[in-house]
Amino acid sequence: MGMPIAHIMASGMTGIRAAGDLVARMQFDKNMRIGEAKDFVAKKLGVSTADLSDEYVMRELREELDIGVITSVPGCAKGIAAKMNIEKLLGIDINCCDKFREITG
Amino acid sequence: MATEYFLRMGDGQKIFMTKEDIRADIEAGSADAADLGDIPALTEDQMDKMLDIIISPGRIVGVEPGMEVPVTHDIGAIRIDGDQGNSGVGIPSSRLVGSMMHERAFGADTMELGHIDYSYKPVKPVISQECQTMEVCQQNMIIPMLYGAMPNMGLYYTPDGPFENPGDLMKAFKISEAQDSIFHAAEHGIRDMVWIMQRLQHVGCDGVNFDTIGAAGDGDMYASLNSIEALRKEFPGIYIEAGMAGELVLGMHGELEYDGTVLAGLWPHQQAPLIAKAGANVFGPVCNTNTSRTSAWNLGRSVTFMKAAVEASTIPCHVDMGMGVGGIPMLETPPIDAVTRASKAMVEIAGVDGI
Amino acid sequence: MSCKKDEVLAAVAKAKGKVPAVEIIDKGLAAGMNEVGVLFERGKLFLPHVMMAADAMSTGVAELEDEMAGSGASAKLGVIVNGTVEGDVHDIGKAIVSTMLQAAGFEVHDIGRDVPLQNFIDKIKETDADMVGLSALMTTTLQGQKEVVELLKENGLRDKVKVMVGGAPATDAWAKKIGADCYAENASEAVVKAKELLL
């Protein structure tokens, strides 16, 4: 277990603690290299690229945008609800959100 | 007496070396990669930077703020609930719980679902369970959630599969029969991998991770590339990660091609364009750790190979930095000093897009 | 250098009678095989080429057997039993090692994968082997290598039979810890170390 945690602490963007999931999504969704993905997400969020790994900045912003936060804040979007807000923020389609829409009409 | 700094052997053992000896090992490792791959060695500045990282006094080092990269997590939640006596820590928990622990407790940037055997072939009989678990994970999680497994063509050969073992055929000098067997196994593997991912995509999976491509040689690579191509064609929006098993595609068949390129004998920087051409979004290049060499030699070699792959790639490169690869010692519990040093060097010198 | 049997046999025929058979094998066939091994390791030649070369070499050696018998020399480098220990189904790396050892001129008995540990002992006795190669790809099955070393001792074979270990989780330190004679990082190193220990 020490290895992934060590990598995350040394080099990672720390997922939904900050904006790592958003940058990773753009890499997978649009084949963006790291610089391009960070620029894209930072622009969408209206922050600097350095802020994307800053928990202080991202904590408040994630809550404000309702795209999911790492702690269990009552009422905050979770799971597919958070991902539907991420779709709108980044202008992408997420497969499970499409399925959710199909099912709910 | 010259000051000595602590570092590791490739098997994780602590050793002490002078700054000059560490620098010489970095240079030798880089030269080895440059020679094998016919790629540029690290520059003097890059090797000096690596030396600084290795001899940094802190137990843990990290990238400069602003240089962080996504850490793509493979092997699913097996690391949590796996109790096979290997790197799994055997905590009784569901895969959803394990995945959410990675998202919420560890700060992983992506996650994947995988089953305990972690090969594609055995997923077929349990596909309904995999689909159901994927749906539950997608409903609860926020980070990208892939399905991951190993192409593992070895499972298609006798005694585990229907095709005669090419290793046995080769030893009997039945070369063309061995090649036929590899080709047929690959065709079967493509069918299985595509079939499995078709079902998972229909329940909302974000995509797929082909983990340890090429473990069974060029047939394995052939099957993976063709599966990637087929999936990209059928699901234009699917996330596809293609992670290698080793630095060199072993030529078990020797003549299999993809897009006019012979697959056997390809090094990471030569694999990258083919992976992109097939339709993957993220490439996971590998450099193996030599357990008889120091971490300085291994890191010098590994960063040289990965830097060339990053430069040759048109898609993001998430370098494989697990046990025994990417300059990480070959040990179930790799020392954190070595892991964080390799992590920093790979991001800041090789310029990788992720880990 | 050629991996093709007809070309190798033509070269042997040309040298036969003019150059001592031992020298043809040592400086011609075996040297060529070494080069094949190096090129395989560097990703320039592939397993089918190695096998073609091995086939060519063994046929070439057979052509020289009459002269060898006269000189009292032997072309056989040693007998090696090779296999993956019980509980471990990984086959490919071990098969490549067997192939390379065979290609280098050793008599190799590959007893497969997931091999019950006693079978190693039985095969060593049956073939009067000089060395045993023990492969394991998983940390969980590595212990089997240690147990074979213990079995060799129990059977009074340890002093006679060299032990080589390999596979991803095996290391030099592990080889020393369990009392093996060597650890090989890859197939070409296995050939080098086998030669060091047996020749």
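It should be emphasised that the depicted structure is a prediction, and the values quoted were computed from it without experimental measurement.

Peer 1: Before we go on, may I ask you to explain the overall build of chain A in this structure?
Peer 2: What chain A contains, in helices and strands, is six helices and zero strands. Shown N-terminal to C-terminal, the secondary structure of chain A runs as helices and strands in the order α-α-α-α-α-α. The principal-axis extent of the C-alpha atoms belonging to chain A is close to 45 × 30 × 30 Å. Surface exposure of chain A reaches about 4400 Å², of which carbon and sulfur atoms provide 54%. For chain A, the distance from the average site of its 14 positive side-chain charges to the average site of its 15 negative ones is 4 Å.

Peer 1: I tried to follow the packing of aromatic side chains on my own but got confused; where do I start?
Peer 2: Describing an aromatic ring pair means giving the distance of the ring centres and the angle of the ring planes. All names here are of chain B. A complete count under the given rule lists four aromatic pairs over all chains for this structure. Ring geometry for tyrosine 120 versus phenylalanine 210: centroids 5.7 Å apart, planes at 40 degrees, classification tilted. Remark: phenylalanine 210 occurs in strand E5 (residues 207–213) and tyrosine 120 occurs in the loop between strand E3 (111–113) and helix H5 (127–140); sequence separation between them is 90 residues. Each member of the pair tyrosine 120 and phenylalanine 210 is classed as buried.

Peer 1: Sorry, what's going on with the sheet that holds strand E5 (residues 182–183) of chain C here?
Peer 2: Paired through their backbone hydrogen bonds, the strands of a sheet run either parallel or antiparallel. All names here are of chain C. Sheet architecture is open: five strands sit in the order E2-E1-E3-E4-E5, paired in parallel fashion. At either end of the open sheet lies a strand with only one pairing partner, and these are strand E2 (107–110) and E5. Pairing between strand E3 (residues 131–135) and strand E4 (residues 162–166): five bridges, direction parallel. Of the residues in E4, the one forming a bridge with valine 132 is valine 163. Here helix H9 (residues 187–198) sits on the sheet and contacts strand E1 (79–84), E3, E4 and E5; the angle it forms with E4, its principal contact strand, is near 165 degrees.

Peer 1: I keep staring at the pairing of E4 of chain C and nothing clicks. Help me out?
Peer 2: One face of the sheet, then the other: side chains in a regular strand alternate in exactly this way. All names here are of chain C. Among the five residues of E4, four are classified as buried, and the element is accordingly described as predominantly covered. Of the crossover connections in this fold, the one passing from E3 over helix H7 (residues 143–154) to the parallel E4 is right-handed. For E4 and E5, the ladder comprises two bridges, and the chain directions are parallel. Following the sheet pairing, methionine 164 is matched in E5 by cysteine 182. In this fold, E4 hands off to helix H8 (residues 172–178), which returns the chain to E5; that crossover is right-handed.

Peer 1: Could you clarify how one ought to interpret the sheet that holds strand E4 (residues 145–149) of chain B in this entry?
Peer 2: Residue and element names in this part refer to chain B. Strand order in the open sheet formed by five strands is E3-E4-E5-E6-E9, and the pairing between neighbours is parallel. Only two strands of the sheet have a single partner each, and these edge strands are E3 and strand E9 (282–284). Adjacent strand axes in the sheet meet at a mean angle of 30 degrees, parallel and antiparallel pairs treated alike. On the sheet, H5 packs against E3 and E4 and is oriented at approximately 150 degrees with respect to E4. With respect to the sheet, helix H7 (residues 175–201) is in contact with E4 and E5, its orientation differing from that of E5 by roughly 150 degrees.

Peer 1: I would appreciate a short explanation of unusual backbone geometry in the present structure.
Peer 2: For residues other than glycine, phi is negative in most cases, and the peptide bonds are mostly trans. The omega torsion of the bond from threonine 158 of chain B to proline 159 of chain B falls at 5 degrees, within 30 degrees of zero and hence cis. Within the secondary structure, proline 159 of chain B is located in the loop between E4 and helix H6 (166–171). Its identity as a non-glycine residue notwithstanding, threonine 14 of chain A has a phi of 65 degrees, on the positive side. Relative to the helices and strands, threonine 14 of chain A is located in the loop between helix H1 (2–11) and helix H2 (20–30). Phi at tyrosine 118 of chain B is positive, roughly 65 degrees, even though this residue is not glycine. Looking at the element boundaries, tyrosine 118 of chain B is found in the loop between E3 and H5.

Peer 1: Is there a simple way to think about the interface of chain C and chain B in this case?
Peer 2: Accessible area lost during the coming together of the parts is what is often quoted as the interface size. Each partner contributes to the interface: chain C provides 31 residues, whereas chain B provides 33 residues. Between chain C and chain B the total buried area reaches about 2500 Å² when both faces are included, carbon and sulfur atoms providing 62% of it. Taken together, the connections running from chain C to chain B amount to two salt bridges. A salt bridge links aspartate 35 of chain B to arginine 42 of chain C; the shortest N-O distance between them is 3.0 Å. Scanning the region where chain C abuts chain B turns up seven residue pairs in polar contact (both at pLDDT 80 or more). At the level of elements, helix H2 (21–41), helix H3 (47–63), helix H5 (92–103) and H8 of chain C are the ones that each hand at least two residues to the side of chain C that touches chain B. Here the element with the most residues in the side of chain C that touches chain B is H5 of chain C; it accounts for seven residues. Class assignment for the residues of the side of chain C that touches chain B results in 15 nonpolar, seven polar and nine charged.

Peer 1: I'm lost on the UniProt feature "domain: B12-binding" (unreviewed entry) in chain C in this one. Help?
Peer 2: The positions UniProt marks with the feature "domain: B12-binding" (unreviewed entry) are residues 77–199 of chain C. Structurally, residues 77–199 of chain C comprises 44% helix and 18% strand, and the distance from its first C-alpha atom to its last is 7 Å.

Peer 1: Help me out: how do you make sense of the side chain of aspartate 91 of chain C in this one?
Peer 2: As for its placement among the helices and strands, aspartate 91 of chain C is situated in the loop between E1 and H5. A polar contact is formed between the side chain of aspartate 91 of chain C and the side chain of asparagine 165 of chain B, at a distance of 2.8 Å. Setting aside residues up to four positions removed in sequence, aspartate 91 of chain C forms contacts with Asn165 of chain B together with Arg113 of chain C.

Peer 1: Honestly, the environment of leucine 152 of chain C in this entry has me stumped. Any pointers?
Peer 2: Residues and elements named next belong to chain C. Within the element layout of this structure, leucine 152 appears in helix H7. Separated by ten residues in the primary sequence, leucine 152 and lysine 162 have C-alpha atoms spaced 10.0 Å apart. Once you skip the residues sitting within four places of it in the chain, leucine 152 turns out to touch Ile121, Ile124, Val132, Leu157, Arg158, Val161 and Val163.

Peer 1: Hey, could you run me through the state of the cysteines in this one?
Peer 2: Joining two cysteines, a disulfide is a covalent bond between their sulfur atoms. Residues and elements named next belong to chain B. One pass over the structure, following the stated rule, counts zero disulfides over all chains. Of the cysteine sulfurs around cysteine 205, a residue in no disulfide, the closest is that of cysteine 131, at 8.8 Å. Look at cysteine 205 and you get buried, because its relative accessible area is 0%.

Peer 1: Is there a simple way to explain the interface of chain A and chain B in this structure?
Peer 2: In this assembly, 46 residues from chain A lie in contact with 63 residues from chain B. Between chain A and chain B, roughly 4100 Å² of surface is buried when both sides are summed, and carbon and sulfur atoms account for 61% of that area. Taken together, chain A and chain B are joined by two salt bridges. One salt bridge in this structure joins arginine 25 of chain A and aspartate 206 of chain B, with 3.4 Å as the shortest N-O distance. Here chain A and chain B share 30 residue pairs in polar contact (both at pLDDT 80 or more) between them. Mapped by element, the contributors of at least two residues to the side of chain A that touches chain B are H1, H2, helix H3 (34–45), helix H5 (79–90) and helix H6 (95–104) of chain A.

Reading the values: rules and limits
Residues numbered from 1 in each chain as written. Chains lettered and ligands numbered in written order. Predicted model: local features only at pLDDT ≥ 70, side-chain atom pairs only at ≥ 80, totals over all residues. Heavy atoms only, no water. Helix = DSSP H or I, 4+ residues; strand = E, 2+ residues; numbered from the N terminus. Areas by Shrake-Rupley, 256 points an atom, 1.4 Å probe, with all protein chains shown as cover. Lys, Arg positive; Asp, Glu negative; His and termini not counted. Charge placed at Lys NZ, Arg CZ, Asp CG, Glu CD. Phe/Tyr/Trp six-rings, centres within 6.5 Å; stacked < 30°, edge-to-face > 60°. Buried < 20%, exposed > 50% of the residue type's maximum accessible area, 1.4 Å probe, protein only. Pairing = 2+ DSSP bridges. Contact = heavy atoms within 4.5 Å. Axes fitted to C-alpha atoms, helices over the stretch in contact; angles between N-to-C directions. Right-handed = clockwise from strand over helix to strand, strands pointing away. Buried area = accessible area lost by both parts, 1.4 Å probe. Salt bridge = Lys/Arg side-chain N within 4 Å of Asp/Glu carboxyl O. Polar contact = N/O pair within 3.5 Å; in protein donor to acceptor, adjacent residues only side chain to side chain. Nonpolar A, V, L, I, M, F, W, Y, C, P; charged D, E, K, R; others polar. UniProt positions renumbered as here; feature names shortened; annotations may be inferred. Disulfide = S-S within 2.5 Å.

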